[in-house]
Each structure stands twice: as C-alpha cells, then as structure tokens.
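Descriptive structure summary
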Amino acid sequence: MSLDKALVARVAGLARIAVPDDQLQPLAGELSSILRWIEQLAEVDTEGVEPLRSVHPIRRARRADEVTDGGCREAILANAPEREDGYFVVPRVVE
Amino acid sequence: MSGPERLGLVEARARLRRRELSAVELTRACLAAMERGRGLNAFVTETPERALAMAEAADGRLARGEAGPLEGLPVAVKDLFCTAGVRTTAGSRILADFVPPYESTVTARLWQAGAVLLGKTNLDEFAMGSSNTTSAFGPVVNPWTPPGQDPPLVPGGSSGGSAAAVAGFLCPAATGTDTGGSIRQPAAFCGIVGIKPTYGRCSRFGIVAFASSLDQAGAFARSVEDAALLLQAMSGFDPNDATSADLAVPDWVGGLTGRVKGLRIGIPEEYRLDGMPAEIEALWARGAEWLRAQGAELVEVSLPHTRYALPTYYIVAPAEASSNLARYDGMRYGLRVPGRDLVETYARTRGEGFGAEVRRRILIGTYVLSAGYYDAYYLKAQKVRRRIVQDFEAAFARCDALLTPTAPSAAFAIGEKNDDPVAMYLNDVFTVTVNLAGLPGISVPAGLSAAGLPLGLQVIGRPWDEATVLDVGRALEEAAAFRALPPAVPEA
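Quantities reported herein were computed from a predicted structural model and do not represent experimental measurements.

Scanning chain A from terminus to terminus reveals three helices and two strands. If you list the helices and strands of chain A from N to C, you get α-α-α-β-β. Taken against the 2.2 N^0.38 rule, which gives 12 Å for 95 residues, the C-alpha radius of gyration of chain A at 23 Å runs more than 25% over that of a compact globule. The dimensions of chain A, computed from C-alpha atoms along their principal axes, are 55 × 45 × 25 Å. Across the 95 residues in chain A, those meeting the buried criterion constitute 17%.

Below is the structure:
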C-alpha cells in the first residue's frame, strides 16, 4: 500500500495533527516505505489463529465499589493551560 | 582519585549500613559527578535539593536502625515516570512544563524503600526511538564516544539518559522502560546491565503510556546483582494497573547464585541474521561456550516467526500509541497552541507539540486502525503476535533460557540512520520479540568491538522466571569479566 498526499492529509486530520502542506509529500514517502515493510506479514499463515490481546492470562480481582480517591480539584487543575473559578477554560464548541 | 560515586548499589549499601559512608556524602558525590558529566546531556531535570533532603532523611533512618532495602542509595529515574512535584516531560515539547500531582507506583516503591532521587533522565520522545535522538531536550552522548569524535556516539534508546548516566558513573543505578528494547539495547551500547522483567511484574501506573500491551519498567546498573536489587524494589502487585500480576516477588538478590550447571540454554537459529557483523557472531559463540564450560547444556532451538516480529511491533505499538497519545489535546494539561476553533486548537497543539518520529508513529497507528484497514493490519498483527508467543512456548519446552546477542551492532554516531526509519527500527531485531511475548530479558556487557565499543549478550527467560535470567546473566558476567571503562572515566 502506498499513501499519497491526500490520504496522509486525511489521516493527519483523523489524528488531529496539523501537518504543513510542504511536509505531506515527504511524509507520504516515509509512511509508504514503512507500510511496504510491514506488509510482509501477509506471508504468515494465520488461518484459525486467535488474535492475541493479552500476553499472560491474568485473573483480575474485583474490588469493592467504593470511592478511593477524589477531593483534589486543585491538583487536577494545577497543570491547566487556562483556568477560571475552579474550572478548565476551553475553546468555544457551540456557537 | 575515585570517590563514592564509583560504588555500585550493593557495595554502597554495605558501607551505609556500617556507617562508613553517609547517604548525604554519597548523594553529594553523585551530584558532583552529574555536574561534571553535564556534557552527556543525560538528565532533563536534576533534583539536587530534593536529593539532599531525601539523603538526610535516609541517614536518620539508618541511624535509628529503620533502614529500607535501598536506604540512602541514589538513583536516577527515566523522565517517563511521574514524580509528584518534579517536572515529567516524556522527552516531549507537549509535556515540557508538566508537573505531575501524583507519583508513579514504581517510584513510590523506590522512595518507600529509602532510595534518593537524583534527577530525571533524558529519553527518546515518548520512549519512541533507539538512539535517544528524538528527545525534545537534545540527544544524549554515549560516554564511550572516543575523545574528539564528532558527532558523538548515541547511547541507544529510548532509555538513553539512564544508560549514559550509569555508564558514566553519574549514578549507581537508574530506572528505565522497555517497549521494544529500550532498556536492553542502551545497556548493550553503554556497557552496563539492563533488565526488563516479565510483563506485569512492575506496575505501569504513573508511567507515561506508549504501547500499553508492551510497556514494562526495568532497571539499569553496573552489575547483575545491583540490577536485581533495584528491580526487586520496583516490582510487585498494584491494583491501579489492571495488567499488574498479583504474584509474590521472589528474593532475587538473596537467590542469585550464578549457577548454570544442568540448565539447558537455547540458541535460536533464526537470530543468525544475514549480514550480521562477524564480531557479534563471535561474541555470541563465546557466550555460549562460557555457559557450556560452567555446566550448561546448549540446545539448538527454532523461533520461526522471528523475522515477522519487527513488522508486527510496528503495527501493534503505533496503534496503541495513537490511542494513548490522543489524550494530549491541550485542554487539561500540557502545551496548548490556540487556533480559530476547537479542532484547529487540537491540531496545532499536537502539530507543534509532537516531534517527527512521534508524529510518524501516530499517523501509522491511526492509519492501521482506520475503517477498512483494521483487519488487514491490526488484527493480522495480533494473530502473528500469537504465532511469536507460540514459538517461544515450543522453545521453552526444550530449554530453560535463551542466549542471543542484544543488538546487531555496537553504538553508532548521532545522525546515522536518521534518514531511514526502517534502518533505525532494525536495531531492535533481537529485543522486540521479548516484548511481544511479555518475557523477561537481560543484557549483560560481554566484550568490546574491534573499535573498542561495548557489546552485550541477551538472556531471555520464561514468564515470571527472572531468577533464571539473572543467574545466567551472572554467569556471563563472571566469565566475561568486563572491566573496561568509557574513555571519559578515569581508572579507579
């Protein structure tokens, strides 16, 4: 699979990453060469193989449904790029 | 002249316990070494005031007989572990001013054990890289760089700052993380020991996430015993990490014998790559001979899907990364670059906040997860990943541990391999399989290349069998008797 400029722009849009126009073409080349290399996986016979999602079968214990943390508004807001009256300030979403 | 900064963890601990050395003296010596070694760019943030306060408290506990297992021992921490009140950058511009309000479980365990934080070490941005050249805080210099060589050698990556700091005697030990080789490859490039335990042994809580099914914390030190001591304090169950294993942590230090008599050591034939440098092949054969001479039995084994491990990794890791890194949106913490509206603010924040390699991997991950491609890439990779795990299961039916080279070459120069992402990725050809299968692995310095640079051997073990990995590592360490020092470090 080879990516063209338009597809890179579309993927960058999905990933919410601004890519300057003059970098789309070089990026298309880099990503295409990585994908071509990845595509050798097609050779592997995986008929009937269950996809692996977790390397070790770990039994997960359930914990009691109780509040274990909280009451730390100041800590949560401490790194906010912009804040006001104990809230995050974010760009307007609804006009 | 050599001071306490040259001591390893176990030796320093004995002197602290005998009160021949104070934690403050030891910490001061390391802080001075860090200052002299600033040319390595191993640290993103030094924490001298905190270090001295922690050392003073440790001296108090030593005096009162309340010493923890790492009491008064200074360590460096990869800048991927959240440290409460100490800036944690992940080597990225997007987190350049981030000060976590909480502590990672692994580092909390270290402080609980009495360790002293010297500072946060440099790394590839979000741990994505094999050379520590993708850091927003500049590349790290390998202390083995021959005097006058420009550009200098890389320390490997992604935990390059930790490896360079330990190899350059700025600190006795350091934490790292390993997603595809990020502890073992820099350990090999810098001539020190690096261990990645079984997936699930160390909590991932509070470690900036890269690829959650592969990420695992581990330890750097200058001896196998020191690495075992640090790893032991880092390990253990944590309810805050759903993949943390509720298993007791064995006494690896107390149980370390270095005995390999009767062990079956597997030599995987597929690791004999075409075009592998002869000196790597020779080192590997020498390592096998050392173990045979100490009573181990060598067994030829096959891991047939080895060549598919890197392509599998470069689907699974970017896919998980694209999902994990979606949280950096400039709203609640981290960099915000305002745009006309919300979507443009996201895009500009992430466009300016992420470096080229991180951007590349997020785009690959976004692409392989996108509608219409998921089955062809991600699902296929998960199936091949199971094949790789099955290869190891079959091999471990015939042997107790595997011996391989750690990396296909010695350290290279900064800037080399930067034009070709795939050439850079090939650095991890021997280490990445271990992450895909969630196994424990160690790299031990085993010799020097013709150019005088360190080379490492890797031991891979069964899940949860760090003890055997450490014993085989110790046996290699004894046989190799690696005593060479980096050019910048004077003889003791």
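We now examine the overall build of chain B. Of the regular secondary structure elements, chain B holds 16 helices and eleven strands. The C-alpha radius of gyration computed for chain B amounts to 21 Å, which stays within 12% of the reference 23 Å derived for 492 residues, consistent with globular compactness. Judged by the C-alpha coordinates and their principal axes, chain B covers about 65 × 55 × 50 Å. For chain B, the proportion of its 492 residues judged to be buried stands at 61%. Partitioning the contacts of chain B with sequence separation of at least 6, the portion at a separation of at least 24 is 77%.

Residue and element names in this part refer to chain B. Omega for the peptide link from Asp-150 to Pro-151 comes to -5°, which places this bond in the cis form. Along the chain, Pro-151 falls in the loop between β3 (116-121) and α5 (160-167). The phi dihedral of Asn-41 is positive, around 60°, even though this residue is not glycine. For Asn-41, the position within the fold is in the loop between α2 (23-36) and β1 (43-46). A positive phi is found at Asn-132, a non-glycine position, where the angle reads about 55°.

Residues and elements named next belong to chain B. Note that Pro-408 resides in the loop between β9 (401-405) and α14 (421-425). Under the C-beta neighbour-count criterion, Pro-408 is labelled partly exposed, with 17 such atoms within 10 Å. Setting aside residues up to four positions removed in sequence, Pro-408 forms contacts with Leu-273, Met-276, Ile-280, Leu-426, Asn-427, Val-429 and Phe-430.

Before going further, it helps to spend a moment on helix α1 (residues 5-14) of chain A. Within α1(A), the full set of buried residues consists of Val8(A), Val11(A) and Ala12(A). Along α1(A), the residues classed as buried sweep out an arc of 100° about the axis, all on the same side. In this structure, the buried residues of α1(A) make contact with α2 (21-38) of chain A together with α12 (356-369) of chain B. Residue Arg16(A) follows α1(A) closely and has a positive phi angle near 55°.

Turning our attention to helix α11 (residues 342-353) of chain B. In this model α11(B) runs 16 Å from its N-terminal to its C-terminal C-alpha over twelve residues, within 8% of the 16 Å that 1.5 Å per residue would give. Along α11(B), the residues that are buried comprise Thr345(B), Tyr346(B), Ala347(B), Arg348(B), Thr349(B), Arg350(B), Gly351(B) and Gly353(B).

Turning to the interface of chain A and chain B, a few remarks are in order. Contacts between the two partners involve 38 residues from chain A and, on the opposite side, 54 residues from chain B. Going through the elements one at a time, α1 and α2 of chain A are the ones with two or more residues in the side of chain A that touches chain B. Examining the composition of the side of chain A that touches chain B, we find that six residues originate from one element, α2(A), more than from any other. Its residues placed into classes, the side of chain A that touches chain B shows 27 nonpolar, five polar and six charged.

Attention now moves to the nonpolar core. Residues and elements named next belong to chain B. Within the largest apolar cluster, 176 residues are counted, with the highest numbers of intra-cluster contacts made by Val-75, Val-116 and Leu-230. Among the elements that make up this core, the one with the highest residue count is helix α10 (residues 309-324) (nine residues). In this structure, Leu-230 is in contact with Leu-9, Val-75, Ala-173, Ala-219 and Ala-221, ignoring residues within four places of it in sequence.

Its location among the elements puts Arg272(B) in the loop between β7 (264-268) and α9 (278-293). The spatial distance from the C-alpha of Arg272(B) to the C-alpha of Pro408(B) is 10.0 Å, given a sequence separation of 136 residues.

Moving on: the confidence of the model for chain B. As a note on interpretation, predicted positions should not be read in detail where pLDDT is low. On average, residues of chain B carry a pLDDT of 96, and 100% of them reach 70 or more. Scored as a whole, the predicted complex attains pTM 0.97, and scored at its interfaces, ipTM 0.95.

Our next topic: the pairing of strand β10 (residues 441-448) of chain B. Residue and element names in this part refer to chain B. Within β10, six of the eight residues are buried, which leaves the element mostly enclosed by the surrounding structure. One ladder, built from three bridges, connects strand β5 (residues 193-196) with β10; its direction is antiparallel. Opposite Ile-195, over in β10, you have Ile-442 as the bridge partner. As paired elements, β10 and strand β11 (residues 454-461) share seven bridges and run antiparallel to each other. Note on β11: the bridge partner recorded for Val-444 is Leu-457.

Glancing now at the environment of Ser2(B). Residues and elements named next belong to chain B. Here Ser-2 shows up in the segment before α1 (9-17). Accessibility expressed as a C-beta count within 10 Å gives 12 for Ser-2, which makes it exposed. Along the sequence, Ser-2 and Ala-29 sit 27 residues apart, while their C-alpha atoms lie 10.0 Å from each other.

Calculation rules
- Residues numbered from 1 in each chain as written.
- Chains lettered and ligands numbered in written order.
- Predicted model: local features only at pLDDT ≥ 70, side-chain atom pairs only at ≥ 80, totals over all residues.
- Helix = DSSP H or I, 4+ residues; strand = E, 2+ residues; numbered from the N terminus.
- Rg over C-alpha atoms; globule rule 2.2 N^0.38 Å.
- Buried ≥ 20, exposed ≤ 12 C-beta atoms within 10 Å, placed from the backbone.
- Contact = placed C-beta atoms within 7 Å.
- Arc of directions from axis to C-beta.
- Expected span 1.5 Å × (residues − 1).
- Nonpolar A, V, L, I, M, F, W, Y, C, P; charged D, E, K, R; others polar.
- Core = buried A, V, L, I, M, F, W, Y, C linked by C-beta atoms within 7 Å.
- pLDDT = per-residue confidence, 0-100.
- Pairing = 2+ DSSP bridges.

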